[in-house]
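Architecture at a glance
Residue strings, one per chain:
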Amino acid sequence: MALIEVKDLVKKYKISQKKHGVVGYIKHLIHPKYKEVTAVNNISFNIEEGELVGYIGENGAGKSTTIKMLTGLLTPTSGKIEVNGIVPNEKRIQNNKQIGAVFGQKTQLWWDLPVIESFKLIKKMYDLSDKEYEENLEKFTKILDLKDLLDKQVKNLSLGQKMRCEIAATFLHNPKVVYLDEPTIGLDILVKENIRKFIKDINKEQKTTIILTTHDLKDIEEVCDRIILIDKGNIIYDGEKENFKNEYGKHIIAEFIIENKSKNITLETSEEEFEVIEESENSIKIKFNHDKLTVMDVVKSVSNYCEILDMHIQEEGLEEILKEIYRGEIIND
Ligand SMILES: Nc1ncnc2c1ncn2[C@@H]1O[C@H](COP(=O)(O)OP(=O)(O)O)[C@@H](O)[C@H]1O
Ligand SMILES: [Mg+2]
């Protein structure tokens, strides 16, 4: 049995169609009208112990709704969730003991207390032994660089400092599963790097199962091995990150530094697999499908057109591939 089992999960929100003004209000009292939004539309997946999964999708795709159901905060409209044998929304207290969660910029730390006091309260709440607590505190303080923050009140911390403390608090009780919903949003690059390193280290060392949703695909690129891609409430990909790139990332971007431009580029092979995306007097950038063309095909055509001084080849990153999927340019069959 997998640690997390999600089967045919659906969440529909009922939105009241109340009109403005007194008349609208009264009408609504007599004939309430509701619209239904399907945020999560019949999804299934299993996650094994120790996995580090990136849960990605556009704004409004249904990520937070899924995470809220997994943590037991929301009750599914239908379908089944089990986390370590527990149905989260039915046994919330029991479930809370085994999980940790970060929701964007909401804090679980006590605003007016020094950070260390919040940590001590968490120790009490979860009944941690002195040893467990000290070990984690020492380790987290080191990786997340918390030494100078522990005695400060939470309300006096910057966003990045707060998030580092927040992440430490989330992992303090050695949870079996941690859900991180947009933990890096709004943070500067150094803090992001720091948090990524922490997530990777803890996953490796303590075998904590982690589900990470994020807008910053660099988080996923650097941290996760598996991705689940959700689009309009439906899962459209679930598998290894590398396979995803192989399956969808058919394009290579080649940038040439050139001189002595002459005639227009023409390729003997099918031209639709080949696109000039940027061009100036001394450079040209070409995107091509490497299922259809080789780098040599492209180099040959470019060298018919001008002299090549230098070139740089790059595979499409996760971000470009996803943009193409969202634009409907890649259709999964
Ligand atoms: N409390 C709510 N009431 C009504 N609709 C909601 C609520 N929360 C989310 N939604 C809608 O459900 C869909 C999925 O939202 P969400 O799960 O927050 O997506 P994501 O986290 O991927 O951005 C969106 O269309 C959103 O507008
Ligand atoms: Mg969200």
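With that settled, the discussion passes to the overall build of the protein chain. Scanning the protein chain from terminus to terminus reveals 11 helices and 13 strands. Along the longest, intermediate and shortest principal axes, the C-alpha atoms of the protein chain span 75 × 60 × 45 Å. Taking all 333 residues of the protein chain together, 32% fall into the buried category. Of the contacts made within the protein chain by residues no fewer than 6 positions apart, 72% connect residues no fewer than 24 positions apart.

Attention now goes to the sheet that holds strand β6 (residues 177-181). Spatially, β5-β6-β7-β3-β8-β9 is the arrangement adopted by the 6 strands of the open sheet, whose pairing is mixed. Each edge of the sheet is formed by a strand with only one pairing partner; in this case those strands are β5 (99-103) and β9 (234-240). Taking the axes of each pair of neighbouring strands and ignoring which way they run, one obtains an average angle of 15° across the sheet. Pairing of strand β8 (residues 226-231) with β9, which is carried by 6 bridges, proceeds in the antiparallel orientation. Paired with L229 across the two strands is Y237, which belongs to β9. Against the sheet, helix α6 (residues 159-171) engages β5 and β6, with an angle of about 160° to β5.

Examined at the domain level, the protein chain breaks down into domain 1 (4-246) and domain 2 (250-315). Placing the centre of domain 1 and that of domain 2 at their C-alpha centroids yields a distance of 43 Å.

So, on to the nonpolar core. Of all hydrophobic cores here, the largest spans 60 residues; its most connected members are I167, A168, V178, Y179 and L212. Among the elements that line this core, the one with the most residues is α6, at 6 residues. Among all residues touching V178, those that are not within four sequence positions of it are I99, G100, A101, T170, F171, T208 and I210. Membership of the second largest hydrophobic core comes to 7 residues, among which are F256, I284, F288 and V302.

For the rest of this paragraph, the subject is α6. Helix length check: α6, at 13 residues, gives a terminal C-alpha distance of 19 Å against a target of 18 Å (1.5 Å per residue), a fit within 8%. Counting buried positions over the 13 residues of α6 gives 10, a clear majority of the element. The set of residues buried in α6 consists of K162, M163, R164, C165, E166, I167, A168, A169, T170 and F171. Looking at the packing, one finds that the buried side of α6 touches β5, α4 (115-125), α5 (130-144), β6 and α7 (189-206).

Near ligand 1 the following residues occur: Y13, I15, V37, A39, G57, N59, G60, A61, G62, K63, S64 and T65. Element by element, the count of residues in the shell around ligand 1 is highest for helix α2 (residues 63-71), at 3 residues. The residue inventory of the shell around ligand 1, partitioned by class, reads 5 nonpolar, 6 polar and 1 charged.

One non-glycine residue, D8, lies in positive phi territory at about 50°. Summarising the element assignment, D8 is placed in strand β1 (residues 4-16). In the Ramachandran plot, N84 falls in the positive-phi region, its phi being about 55° despite a non-glycine side chain. By secondary structure assignment, the location of N84 is in the loop between β4 (78-83) and α3 (92-98).

Here we take up the sheet that holds β4. Reading across the sheet, the 3 strands line up as β2-β1-β4 and stay open at both edges, with antiparallel pairing between neighbours. Each edge of the sheet is formed by a strand with only one pairing partner; in this case those strands are β2 (34-47) and β4. Looking at each pair of strands side by side, their axes are set apart by 30° on average, direction ignored.

Here we take up the pairing of β8. With respect to burial, β8 is a largely interior element, 5 of its 6 residues being buried. With 4 bridges connecting them, strand β3 (residues 52-56) and β8 associate as parallel partners. By the bridge assignment for β8, Y55 is matched with I228. Once β8 ends, the chain turns through 2 residues before running back antiparallel as β9, passing K232 with a positive phi of about 50°.

Further remarks concern the environment of K33. In this fold, K33 is placed in the loop between α1 (21-30) and β2. By C-beta crowding, K33 is classed as exposed, having 11 other C-beta atoms within 10 Å. Each C-alpha atom, one on K33 and one on L113, is 45 Å from the other, the two residues being 80 residues apart in sequence. Once residues within four sequence positions are removed from consideration, K33 is found in contact with Q17 and H28.

Counting buried positions along strand β7 (residues 209-213) yields 5 of 5 residues, so the element is predominantly enclosed. On β7, burial covers both faces: T209, I211 and T213 on one face and I210 and L212 on the other are all buried. Two strands pair when backbone bridges link them, and β3 and β7 are joined in this way by 4 bridges, in the parallel orientation. Opposite G54, over in β7, you have L212 as the bridge partner. Sheet topology places β6 next to β7; 5 bridges connect them, and they run parallel. Paired with V178 across the bridge in β7 is I210. Each parallel crossover has a hand, and for β6 linked through α7 to β7 it is right-handed.

Parameters and conventions
Residues numbered from 1 in each chain as written. Chains lettered and ligands numbered in written order. Predicted model: local features only at pLDDT ≥ 70, side-chain atom pairs only at ≥ 80, totals over all residues. Helix = DSSP H or I, 4+ residues; strand = E, 2+ residues; numbered from the N terminus. Buried ≥ 20, exposed ≤ 12 C-beta atoms within 10 Å, placed from the backbone. Contact = placed C-beta atoms within 7 Å. Pairing = 2+ DSSP bridges. Axes fitted to C-alpha atoms, helices over the stretch in contact; angles between N-to-C directions. Domains from an automatic or database assignment. Core = buried A, V, L, I, M, F, W, Y, C linked by C-beta atoms within 7 Å. Expected span 1.5 Å × (residues − 1). Near = placed C-beta within 6 Å. Nonpolar A, V, L, I, M, F, W, Y, C, P; charged D, E, K, R; others polar. Right-handed = clockwise from strand over helix to strand, strands pointing away.

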